[in-house]
Amino acid sequence: MASLQQRIRSTPARRWGEWLLFVALIGPNLLLFGIFTYWPLIYNGYLSFVRWNFLRPVKPFVWFDNYLSVFSSRLFWEIVLNTLVFTVWSVGLTLVLGLALALLINQPLRYRNAARATLFSPVVMSGAVVAVVWSYIFDPRYGLIDQLLGLVGLNSPDWLGTTEWAMPAVIMVYVWKNLGYAVVIYLAGLQGIPRELYDAALVDGAGPWARFRHVTLPGLSPVAFFLSVTSVLATFQAFDIIKVLTDGGPVTATTTLIFYLYELGFVTYDAGKAGVVAVVLFLIMLVLTLIQVRYLERRVSYG
Amino acid sequence: MALSDELVLTQPVENAAARRRGRRWRAAGYLAMLLAVLVIGLPVYWTLIAAFKTSAEIYGPPT
């Protein structure tokens, strides 16, 4: 009987039907993905090998000229360094402060739901609005920070007008905007850790630090891994806050790769070099994600 | 005095110390939460009230 059923299941008609169902289900998504994701990726790779200003009907093939031109420029390496500084500080602060705040508002404190809502509110605000608001807060004459520092007899630096302070200011705003997202994800992770593990640790005589080190951190590792990967990718693509807050300046102090790409493409209309920067950005993100998956995921405990 | 008697005598003192420590931690928790809410919430509040101000009031020095 069983062998008869197996024979019925494996008839060519049935296999063909399953194949058609598979194509029908996966096809539309694959088509959209191909048109809107893979094709631009491939076309961008092609653009990085041509000289084009978006208008000329011909695109002369220049081989690696665009790559040589971009890589031999000192500005490009300064911008790569800016991008790394921005990413490392933003992701690091978001992950650490997010964890600290999530641990705090996971405690049985009054008004914690109101605190959660407040902490999450910047996430739903537009990046441009956030940047405009913070440009007032950073104002060295009337800004909120100037007034707060004035209370203790200090003067506010010209946050957005000096090369030393512009990057810390942009990082501060970026972390402020995205912290709530990390807090919510960490909170979900914290609430998924079984209560019995804490009880067992207490019975074993574990103090608060030991419980955090041996129960909370391993329990949060999948969430922390997810957050680290998505935060790195999002930070590399941060554009709106930088554009509105500093416009990449002063000089190039806050120009990151994505902002440089925009300037090359849509200010100087150099599609070839913009293509090179896009390829570099893609490769950096790909390599970083692979490194994270390879080395960080080993420490993740899904048990 | 047996060891169990000693434990019984010291227990209320330890419980009181633990309660005090707990209260201090709770107060620190509230303080940290207030600080976080102020740092995150003030710019949001400013954004909301700016919607009800004229441009001159927004661009001018605070009154």
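Residues numbered from 1 in each chain as written. Chains lettered and ligands numbered in written order. Predicted model: local features only at pLDDT ≥ 70, side-chain atom pairs only at ≥ 80, totals over all residues.

Right, let's get into the overall build of chain A. Within chain A, the secondary structure is distributed over 13 helices and zero strands. In sequence order, the secondary structure elements of chain A are arranged as α-α-α-α-α-α-α-α-α-α-α-α-α. Its C-alpha atoms give chain A a radius of gyration of 25 Å, clearly above 19 Å, the size a compact globule of 303 residues would have. The C-alpha extent of chain A, read off along each of the three principal axes, is 90 × 75 × 30 Å. Per-residue burial over chain A gives 27% buried out of 303 residues. (Helix = DSSP H or I, 4+ residues; strand = E, 2+ residues; numbered from the N terminus. Rg over C-alpha atoms; globule rule 2.2 N^0.38 Å. Buried ≥ 20, exposed ≤ 12 C-beta atoms within 10 Å, placed from the backbone.)

What follows is about helix H6 (residues 127–137) of chain A. Of the positions making up H6(A), those classed as buried are Gly127(A), Val130(A), Ala131(A), Val133(A), Trp134(A) and Ile137(A). Looking down the long axis of H6(A), one finds its buried residues gathered within 165° of arc, a one-sided arrangement. (Arc of directions from axis to C-beta.)

Turning to the nonpolar core, a few remarks are in order. Nonpolar side chains in soluble globular proteins tend to end up buried together. Residue and element names in this part refer to chain A. Counting 55 residues, the largest nonpolar core has Val170, Val173, Ile241 and Val277 as its most contacted members. Per-element tally for this core: the top contributor is helix H8 (residues 163–191), with 14 residues. Aside from chain neighbours lying at most four places away, what touches Val170 is Phe86, Ile241, Ile242, Leu245, Thr246 and Thr254. (Core = buried A, V, L, I, M, F, W, Y, C linked by C-beta atoms within 7 Å. Contact = placed C-beta atoms within 7 Å.)

For chain A, the domain assignment lists domain 1 (2–47) and domain 2 (70–299). Put simply, the middle of domain 1 of chain A and the middle of domain 2 of chain A, counted by C-alpha atoms, are 38 Å apart. (Domains from an automatic or database assignment.)

With 14 residues of chain B at the contact, the number on the chain A side is 16 residues. Taken together, the residues that form the side of chain B that touches chain A break down as 11 nonpolar, three polar and no charged. (Nonpolar A, V, L, I, M, F, W, Y, C, P; charged D, E, K, R; others polar.)

Below, the discussion takes up unusual backbone geometry. All names here are of chain A. Note that the residue after Gly249, namely Pro250, is joined by a cis bond; omega there is -5°. With respect to the element layout, Pro250 can be found in the loop between helix H11 (240–245) and helix H12 (257–266). Of note, Phe54 is a non-glycine position whose phi angle comes to about 75°, a positive value. Positionally, Phe54 belongs in the loop between helix H2 (12–47) and helix H3 (65–71). The exposed category is assigned to Phe54, around which 12 C-beta atoms lie within 10 Å.

This part takes up the confidence of the model for chain A. Of all residues in chain A, 96% attain a pLDDT of 70 or more, and the chain-wide mean is 90. At the low end of the mean pLDDT range in chain A sits helix H1 (residues 2–9) of chain A, at 60; at the high end sits helix H4 (residues 74–105) of chain A, at 95. (pLDDT = per-residue confidence, 0-100.)

Next up on the list: the packing of H12(A) against helix H13 (residues 271–296) of chain A. Residue and element names in this part refer to chain A. At a minimum axis distance of 8 Å, the contact between H12 and H13 shows a crossing angle of 165°. Between H12 and H13, the interaxial angle falls into the category roughly antiparallel. Crossing geometry of H12 relative to H13 is assigned as left-handed. Contacts from Leu257, Ile258, Tyr260, Leu261, Leu264 and Gly265 of H12 reach H13 at Ala271, Lys273, Ala274, Val277, Ala278, Val280 and Leu281. Tallied by class, the residues present in the contact of H12 with H13 amount to 11 nonpolar, one polar and one charged. (Axes fitted to C-alpha atoms, helices over the stretch in contact; angles between N-to-C directions. Parallel < 35°, antiparallel > 145°, perpendicular 65-115°, else oblique. Left-handed = near helix turned anticlockwise from the far one by under 90°.)

Let us now look at the confidence of the model for chain B. Put simply, chain B has an average pLDDT of 78, and 70% of its residues get 70 or more. Among the scores for the predicted complex, ipTM is 0.75 and pTM is 0.85.

With that settled, the discussion passes to the environment of Leu245(A). Residue and element names in this part refer to chain A. Topologically, Leu245 is positioned in helix H11. Assessed through the 26 C-beta atoms surrounding it within 10 Å, Leu245 is described here as buried. The spacing of Leu245 and Trp134 is 111 residues in sequence and 7.7 Å in space, taken between C-alpha atoms. With residues near it in sequence (within four places) discarded, Leu245 still touches Ala131, Trp134, Ser135, Leu160, Val170 and Val173.

Residue and element names in this part refer to chain A. It is at 10 Å that the axes of helix H9 (residues 195–203) and helix H10 (residues 208–236) come closest, and there the two elements cross at 135°. When the interaxial angle is binned, H9 and H10 end up oblique. Crossing of H9 against H10: the hand is right-handed. Along its contact with H9, which presents Leu197, Tyr198 and Ala201, the element H10 presents Ala210, Arg211, His214 and Val215. Considering only residue class, the contact of H9 with H10 consists of five nonpolar, one polar and one charged.

All names here are of chain A. When the terminal C-alpha atoms of H10 are compared, their 36 Å separation across 29 residues is substantially less than the 42 Å that a helix rising 1.5 Å per residue should span. Here H10 has its buried residues at Thr216, Leu220, Val223, Ala224, Leu227, Ser231, Thr235 and Phe236. Close packing links the buried residues of H10 with H4, H8, H12 and H13. (Expected span 1.5 Å × (residues − 1).)

Residue and element names in this part refer to chain A. Mapping Phe76 onto the fold places it in helix H4. For Phe76 and Thr255, which are 179 residues apart along the polypeptide, the C-alpha to C-alpha distance reads 9.9 Å. Not counting residues up to four positions away in its chain, the partners in contact with Phe76 are Val70 and Phe71.

Next up on the list: the environment of Met285(A). Residues and elements named next belong to chain A. Looking at where Met285 falls in the secondary structure, it is placed in helix H13. Given 16 C-beta atoms within a 10 Å radius, Met285 is considered partly exposed. C-alpha of Met285 to C-alpha of Val232: the two residues are 53 residues apart in sequence and 7.9 Å apart in space. When neighbours within four sequence positions are excluded, Met285 is seen to be in contact with Leu233 and Phe236.

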